[in-house]
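Structural description and commentary
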There are 2 protein chains.
Amino acid sequence: METVNRPNEWKIEQGLAGAELPFLDQTGRDTVAIPPQKWVGFWKDEEAIKAFGDPKQLFARELEGWKGYVEWEKYPEKKAIAHKILTSQSFPPHPEYQMSPIPDTNPVLDGYRWKLWHQALGGELDSVPDDSWAMVLKEKHPEMLHLLQFPYNGEPPKRLVTSKPVTPNPLHFVRNHGGIPIIDKDKFSMTLDGLVADPKVYSLDDLMDESKFPRMEKVVTMQCSGTRRIEQICLYPGQGDELPQAPWAEGAIGTAKYVGVSLKKVIKDCGGLINGAKHLELYGAETYFKADQVMNYLVSVPWSKVKANEVMLVWEMNGEPLPKIHGYPLRVVVLGYIGARSVKWLYRIKAIETPSLAPVQSKEYLYFNQQVGKHNQRPTDGIQIQEMPVSSAIMSPWTKQVVIHNGSIRCKGWAYSGGGRWPERVELSADGGFSWYSVPNENLSKKGKWTWRTWEYDLPCDVEGWIEIVCRCWDNSLNTQPLAVRAAWNWGLHVTSSAHRISVYSINKSRDLTKQRFEKFDHLGIPLAPITQPEEFQTQSWEEYEKFWKEHDPRDVDE
Amino acid sequence: METVNRPNEWKIEQGLAGAELPFLDQTGRDTVAIPPQKWVGFWKDEEAIKAFGDPKQLFARELEGWKGYVEWEKYPEKKAIAHKILTSQSFPPHPEYQMSPIPDTNPVLDGYRWKLWHQALGGELDSVPDDSWAMVLKEKHPEMLHLLQFPYNGEPPKRLVTSKPVTPNPLHFVRNHGGIPIIDKDKFSMTLDGLVADPKVYSLDDLMDESKFPRMEKVVTMQCSGTRRIEQICLYPGQGDELPQAPWAEGAIGTAKYVGVSLKKVIKDCGGLINGAKHLELYGAETYFKADQVMNYLVSVPWSKVKANEVMLVWEMNGEPLPKIHGYPLRVVVLGYIGARSVKWLYRIKAIETPSLAPVQSKEYLYFNQQVGKHNQRPTDGIQIQEMPVSSAIMSPWTKQVVIHNGSIRCKGWAYSGGGRWPERVELSADGGFSWYSVPNENLSKKGKWTWRTWEYDLPCDVEGWIEIVCRCWDNSLNTQPLAVRAAWNWGLHVTSSAHRISVYSINKSRDLTKQRFEKFDHLGIPLAPITQPEEFQTQSWEEYEKFWKEHDPRDVDE
């Protein structure tokens with residue numbers, strides 16, 4: 001049978017295989033279907049690439065004892081060669097998972113293209129993807145959900161996210177932007193330069209010297225601005241500032257006790273800022289790729305934040321040396337800012353006048369107006385994402401789950417607000433956000449200036465069938481969350497701050513009819529059928545049916 | 001690495017593989033996870049089945065020239081044997097597609113279990129699934145979307161649903177409840193009996209005799225109460241009254257010119273109703289299965305509807321003899337009622353006192369209160385679905401589609417109201433249902449008491465990015481549609497009457513910035529990237545970026 005239908009035509013028409021939809025051009029008289037650009041396939045100019053030289057020398061290890069670290073920022077020519085190599089060949093597009101089924105696997109996405117980039121440059125970068133994955137398997141909990149294998153992005157499963165108010169290291173989420181450099185502590189040093197009176201180089205021992213720098217210890221909740229991104233993806237696909245964007249659930253948040261020093265003190269040790277310096281650029285030893293350019297991971301924080309003693313240089317996490325995957329031997333922890341500013345594998349801090357021009361600071365982690373349109377998004381139009389707004393999430397039950405209960409549904413979850421604000425009240429609704437119950441204070445974990453609060457609550461629920469449980473938080477500044485995902489949806493798929501909303505199928509055994517029905521199940525030994533399949537017995541006999549119609553108005557009335 | 005995570009754990013946690021979620025029992029002190037019942041596997045009592053006798057004799061063809069027709073209603077003993085055979089073996093559950101990915105295929109669902117039922121009884125039913133599918137391929141348009149292969153449920157693709165105000169026969173949707181009986185017109189007869197003064201048997205020639213029965217011709221829109229079911233499924237899975245429920249899109253509606261006679265006249269020819277008859281039970285020759293019981297397809301219509309000349313016996317569709325798949329040689333067409341009442345392959349009409357007790361009439365096509373709960377749904381709690389409420393749908397553009405336009409988006413679709421009401425006004429919103437434009441009357445097809453109206457409209461739209469286009473209709477009784485799917489969601493997944501809502505990515509080339517951007521694309525010969533992938537050029541140069549910050553407030557303010 002000849003047909004122009006595609007086998008999955010029905011799904012395409014319903015937006016369930018949306019990646020295969022043509023664009024519609026309606027600017028002319030007729031509507032024209034434009035198939036979006038397809039990847040042209042692999043090509044590679046082997047000779048040109050060979051001519052650049054031996055990768056082992058071009059992209060060699062920068063320092064002894066620093067495996068996987070290539071220094072880019074000092075060597076513009078090396079960067080230029082890397083760019084030429086990357087543009088002398090093609091790479092496959094990032095996999096499309098937003099507009100077609102998300103893989104049923106763990107890792108969910110493998111980061112194939114990022115691995116290819118590392119292989120394309122070779123040298124010190126060649127073994128980074130494998131080394132990094134080996135470190136995941138060694139340092140992280142076996143139950144982690146690996147959203148992106150490389151660069152590694154992982155979060156704990158829901159049942160473990162809030163199991164403790166302080167997150168055990170193996171369960172703390174990881175959002176790496178590149179591979180893991182494996183650094184020998186004894187060979188480690190960190191440079192502080194730029195617009196400071198007296199630039200210096202510090203060993204770890206220097207920083208740990210309490211006679212110089214007072215020790216600082218803080219319990220801090222760190223959150224990735226991508227937390228709960230899956231809710232935005234499920235509403236509308238977006239692009240994000242880096243591809244592939246991990247489809248984070250509610251676990252890209254974690255709380256740990258960090259030990260280190262205040263960056264402010266170290267800057268003072270260098271004689272303080274000079275010549276109008278207002279920002280500190282932070283250098284991570286991992287290699288970052290963006291638009292065929294290669295660089296170290298660079299962001300910046302304003303001096304005002306450092307001055308308030310809210311930027312720490314950290315070597316200890318929950319009583320242990322920093323795990324390698326979390327930045328060993330030294331990382332930044334910025335209190336109340338998104339995780340992206342808390343640079344790992346810190347090797348340099350540079351005092352500068354304006355915020356870093358590196359793409360992670362200047363072109364990424366930006367929050368755009370919803371309606372500006374993909375083709376018009378200029379970096380200067382986006383709000384810089386530094387502090388996370390107030391947010392919360394339900395960790396149990398799960399969306400689409402059937403809950404059998406006696407009139408109230410046990411819920412638990414977390415609440416957090418960035419910038420040093422804290423959750424004051426958590427509220428839950430069992431009717432989609434119309435009426436709200438307040439979680440009693442004794443059901444919330446301890447208040448802290450820089451930390452989340454975990455909570456649990458038995459939410460009253462009388463009705464049966466599908467309900468929507470909604471959770472929202474009010475912080476101490478009375479900020480609260482918008483009720484709908486759309487209200488805060490943005491093209492970068494960052495900062496899902498809307499009230500968390502799950503669908504639960506409620507079976508309330510405290511209601512008479514349901515109670516009787518379940519007693520009958522028990523009595524007959526009938527197991528519960530899956531929710532979409534019929535039960536093995538009828539809810540009404542023919543006698544009951546016929547009796548009903550004798551006693552009531554008929555189905556159809558005539559006059 | 002030992003782990004209790006399932007590979008698709010992350011999707012399970014997000015309700016994207018919801019079929020694998022355990023139920024949570026919170027009626028005790030601890031929350032207990034109950035895995036839903038699993039299928040025990042195939043088993044079959046071959047000896048018992050053999051002992052019932054030879055299927056060729058047990059379930060033989062009832063009448064010469066009626067291939068695939070087994071009479072059940074006359075023979076309670078035959079029904080009882082069929083029930084015993086069906087319960088002497090197990091059948092696999094219907095495939096779960098609501099809580100896990102819908103297949104990427106056409107047919108979407110194959111009806112495996114229905115085919116097995118036919119094979120299990122054998123005899124005349126054995127070849128019915130194959131014969132029926134051969135008929136689909138012969139009579140239906142090659143572009144049909146086959147939602148369920150057997151019993152056949154199919155609809156035209158969106159581009160063909162409203163391409164003509166009267167639907168060509170090969171494109172008219174089909175919702176069969178069983179296999180297709182292939183009936184020789186010359187061997188055909190139809191009995192009218194029960195509570196009539198003078199029961200009679202009619203050949204097709206008898207009914208076509210214009211000296212006895214005046215010819216009746218009507219253009220009628222027929223709609224399946226499952227139309228747009230996919231929207232309900234995407235919100236919450238449900239069960240429906242028969243499994244598997246076809247995941248209908250917007251095409252389970254069609255319009256045709258039917259020729260036949262009014263059933264009222266035929267009843268008069270039988271001397272009229274007697275002894276309190278108030279309903280007409282209609283018998284279709286196909287075999288229907290429900291809860292291991294077997295029967296012919298039976299429903300009923302009230303006498304009041306027949307008396308108004310709104311029930312036709314039909315042999316011609318759009319100027320041709322009825323297609324076999326649509327009920328050849330004789331079917332019922334009930335004006336303004338759901339398709340399920342318009343019985344195909346009609347072989348008997350029986351006058352009765354109360355609505356039919358057959359399950360299709362008494363236990364299916366019922367509209368339940370949203371919150372009654374699966375375990376409590378008694379047939380008497382449901383509203384009988386006879387007339388469809390006012391509804392409408394957008395056939396172009398498609399949800400998740402990118403539309404490039406000059407300030408207005410070309411839309412087209414249909415609007416319909418059951419029971420002899422007609423669409424008076426169609427309204428469209430480009431802002432999610434806040435402000436509404438009225439489709440001018442000249443853009444709607446002709447008004448008819450029993451028909452839909454197709455429409456098209458250039459919908460003004462200034463904004464870019466994701467928008468929600470919503471369509472609603474007002475009928476001549478001023479009925480209109482609820483705005484959200486949830487407002488009319490029901491456990492049976494019937495009657496999706498909410499305003500039709502699609503997500504479209506708007507690119508408005510009449511806006512200056514966008515216009516310039518696209519001129520640049522054209523100039524550079526850059527093809528459009530898929531929506532979730534970055535374009536090949538930056539929207540802002542470094543010069544523009546740095547200039548902006550010189551002229552504006554900085555990112556972070558200090559005082």
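Residues numbered from 1 in each chain as written. Chains lettered and ligands numbered in written order. Predicted model: local features only at pLDDT ≥ 70, side-chain atom pairs only at ≥ 80, totals over all residues. Heavy atoms only, no water.

An unreviewed UniProt entry lists chain A under the name Sulfite oxidase, from Hyaloscypha bicolor E. In the Cofactor (unreviewed entry) part of its UniProt record, chain A is described as follows: "Mo-molybdopterin". (UniProt positions renumbered as here; feature names shortened; annotations may be inferred.)

**A short note on the relation of the copies chain B and chain A**
Mapping chain B onto chain A is achieved by rotating through 180° and translating by 0.0 Å along the same axis, at an RMSD of 0.0 Å. Accordingly, the operation relating the two chain copies is best matched by a two-fold axis. Taking C-alpha positions as the reference, the residue of chain B nearest the rotation axis is B:P101, at 3.7 Å. When you check the interface residues of chain B against chain A, 99% turn up at the interface there too, and the contact is symmetric in its surfaces. (Least-squares fit on C-alpha atoms with pLDDT ≥ 70 in both. Contact = heavy atoms within 4.5 Å.)

**Observations regarding a negative patch on the surface**
Residue and element names in this part refer to chain B. A surface patch of like charges, here negative, comprises D184, D186, D205 and D209. Tracing the backbone shows D209 in the loop between helix 8 (204-208) and strand 10 (216-223). Note on D209: relative accessible area 31%, which makes it partly exposed. (Patch = residues over 30% accessible without salt bridge, like charges linked within 9 Å, V, L, I, M, F, W, Y side chains within 5 Å. Areas by Shrake-Rupley, 256 points an atom, 1.4 Å probe, with all protein chains shown as cover. Salt bridge = Lys/Arg side-chain N within 4 Å of Asp/Glu carboxyl O. Lys, Arg positive; Asp, Glu negative; His and termini not counted. Charge placed at Lys NZ, Arg CZ, Asp CG, Glu CD. Helix = DSSP H or I, 4+ residues; strand = E, 2+ residues; numbered from the N terminus. Buried < 20%, exposed > 50% of the residue type's maximum accessible area, 1.4 Å probe, protein only.)

**Section: the packing of aromatic side chains**
Counted under the stated rule, the structure contains 51 aromatic pairs over all chains. Ring geometry for A:Y288 versus A:Y297: centroids 6.1 Å apart, planes at 80°, classification edge-to-face. We note that A:Y288, like A:Y297, is buried. Measuring from ring centre to ring centre gives 4.9 Å for A:F548 and A:W549, while their planes differ by 85°; the resulting arrangement is edge-to-face. Using a relative accessible area of 22% as the deciding quantity, one classes A:W549 as partly exposed. The rings of A:F91, A:W114, A:W117, A:Y288, A:F289 and A:Y297 are connected pair by pair, giving a single aromatic cluster. When the ring centre of B:Y328 is taken as reference, the NZ or CZ atom of B:K324 above it lies at 4.9 Å. Positioned above the aromatic ring of A:W542 is the side chain of B:K363, whose terminal nitrogen or guanidinium carbon lies 4.5 Å from the ring centre. (Phe/Tyr/Trp six-rings, centres within 6.5 Å; stacked < 30°, edge-to-face > 60°. Lys NZ or Arg CZ within 6 Å of the ring centre and 35° of its normal.)

**Overview of the sheet that holds strand 27 (residues 500-508) of chain A**
Taken together, seven strands build an open sheet; the order of strands is 24(A)-23(A)-26(A)-27(A)-21(A)-1(B)-2(B) and the sheet is mixed. Edge positions in the sheet fall to strand 24 (437-438) of chain A together with strand 2 (32-34) of chain B, since each of these pairs with one other strand and no more. With two bridges joining them, strand 21 (residues 401-405) of chain A and strand 1 (residues 23-25) of chain B adopt parallel strand pairing. Each bridged residue has a counterpart across the sheet, and for A:V403 the counterpart in strand 1 of chain B is B:L24. (Pairing = 2+ DSSP bridges.)

**Here we look at the domain arrangement of chain A**
With domains assigned, chain A is organised as domain 1 (1-38), domain 2 (46-367) and domain 3 (387-559). Computed over C-alpha atoms, the centres of domain 1 of chain A and domain 2 of chain A are 40 Å apart. (Domains from an automatic or database assignment.)

**Here's the deal with the pairing of strand 12 (residues 279-290) of chain B**
Residue and element names in this part refer to chain B. With eleven of twelve residues buried, strand 12 is to be regarded as a mostly interior element. Judged from the six bridges that link them, strand 12 and strand 17 (residues 346-352) form a sheet pairing that is antiparallel. Bridge pairing in strand 17 links Y283 to R348. The pairing of strand 12 with strand 13 (residues 293-302) spans ten bridges and is classified as antiparallel. Looking at strand 13, one finds that G284 is bridged to Y297.

**Things to note about the UniProt feature "domain: Oxidoreductase molybdopterin-binding" (unreviewed entry) in chain A**
The feature "domain: Oxidoreductase molybdopterin-binding" (unreviewed entry), as annotated in UniProt, sits at residues 177-356 of chain A in this numbering. The annotated region residues 177-356 of chain A carries 13% helix and 39% strand content, and the separation between its end C-alpha atoms amounts to 17 Å.

**Structural notes on the pattern of salt bridges**
Counted under the stated rule, the structure contains 58 salt bridges over all chains. A salt bridge links A:D462 to A:R511; the shortest N-O distance between them is 3.6 Å. Taken together, the residues span a long stretch of sequence, with A:D462 in the loop between strand 25 (453-460) and strand 26 (465-475) and A:R511 in the loop between strand 27 and helix 13 (512-524) at a distance of 49 residues. Via salt bridges that share partners, A:R6, A:E9, B:E143 and B:R159 belong to a single interconnected network.

**Some thoughts on the confidence of the model for chain A**
The predicted model of chain A averages 95 in pLDDT, with 100% of residues at 70 or higher. Interface confidence for the predicted complex, given as ipTM, is 0.95, next to a pTM of 0.96. (pLDDT = per-residue confidence, 0-100.)

**Side note on the interface of chain B and chain A**
Listed as interface residues are 141 residues of chain B and, on the opposing side, 140 residues of chain A. Here chain B and chain A share an interface that buries about 12600 Å² over both sides, 54% of which is from carbon and sulfur atoms. It is B:W10, B:H375 and B:W466 in chain B that bury the most area against chain A; as a group they hold 7% of the surface buried on that side. Put simply, B:E9 and A:R159 hold a salt bridge, and the shortest N to O gap is 3.6 Å. Connecting chain B to chain A are 92 residue pairs in polar contact (both at pLDDT 80 or more). By residue class, the composition of the side of chain B that touches chain A is 66 nonpolar, 43 polar and 32 charged. (Buried area = accessible area lost by both parts, 1.4 Å probe. Polar contact = N/O pair within 3.5 Å; in protein donor to acceptor, adjacent residues only side chain to side chain. Nonpolar A, V, L, I, M, F, W, Y, C, P; charged D, E, K, R; others polar.)

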